[in-house]
Amino acid sequence: MQTSQRKLQHHIGVAVGFIGLMVWFYLGDRLGFMNAVTALFPESHAGAGLMLGIMLVMAPGFFVWKLYNRWLERYLDVKGRYYEDDFYKEPPKEKR
């Protein structure tokens, strides 16, 4: 498969995954999960309750997003580096 074709398929796949994230959020909202979490907070802290509800709804969605992206990259044989690969690697040893 050509590189440009693989890039296009990867971009389309990522777009499909992002649409999946939007659908996940929409379902969480329509099922009333965020409203239920917000109702547990006093009126003065309703914004904080909503933010917590959004975080609780989206955490599993982002985990699935990560797994989907890794699968897509393996399937399309996309090469590259992940940010966390450089972030968590051992620091270089000093020469003496």
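Up top you'll find the structure we're talking about.
In short, a report on the structure. All figures in this text were calculated on a predicted structure; none of them were measured in a lab.

Time to look at the overall build of the protein. What the protein contains, in helices and strands, is four helices and zero strands. Sequence-ordered secondary structure for the protein, helices as α and strands as β, is α-α-α-α. Over its C-alpha trace the protein gives a radius of gyration of 19 Å, far above what one expects of a compact globule, namely 12 Å for 96 residues. Considering only C-alpha atoms, the protein reaches an extent of 55 × 50 × 15 Å along its principal axes. Out of the 96 residues in the protein, the part that is buried amounts to 18%. In the protein, the share of contacts with a sequence separation of at least 24, taken over all contacts with a separation of at least 6, comes to 58%. Accessible area of the protein: about 8200 Å², with a carbon and sulfur share of 65%.

Let us look at helix α1 (residues 3-30). Compared with the 40 Å implied by 1.5 Å per residue over 28 residues, the 40 Å span of α1 between its first and last C-alpha is a close match. Contacts from the buried residues of α1 go to α2 (33-39) and α3 (46-75). One or two steps after α1, the chain reaches Gly32, where phi turns positive at roughly 80°.

Thresholds, definitions, all that
Residues numbered from 1 in each chain as written. Predicted model: local features only at pLDDT ≥ 70, side-chain atom pairs only at ≥ 80, totals over all residues. Heavy atoms only, no water. Helix = DSSP H or I, 4+ residues; strand = E, 2+ residues; numbered from the N terminus. Rg over C-alpha atoms; globule rule 2.2 N^0.38 Å. Buried < 20%, exposed > 50% of the residue type's maximum accessible area, 1.4 Å probe, protein only. Contact = heavy atoms within 4.5 Å. Areas by Shrake-Rupley, 256 points an atom, 1.4 Å probe, with all protein chains shown as cover. Expected span 1.5 Å × (residues − 1).

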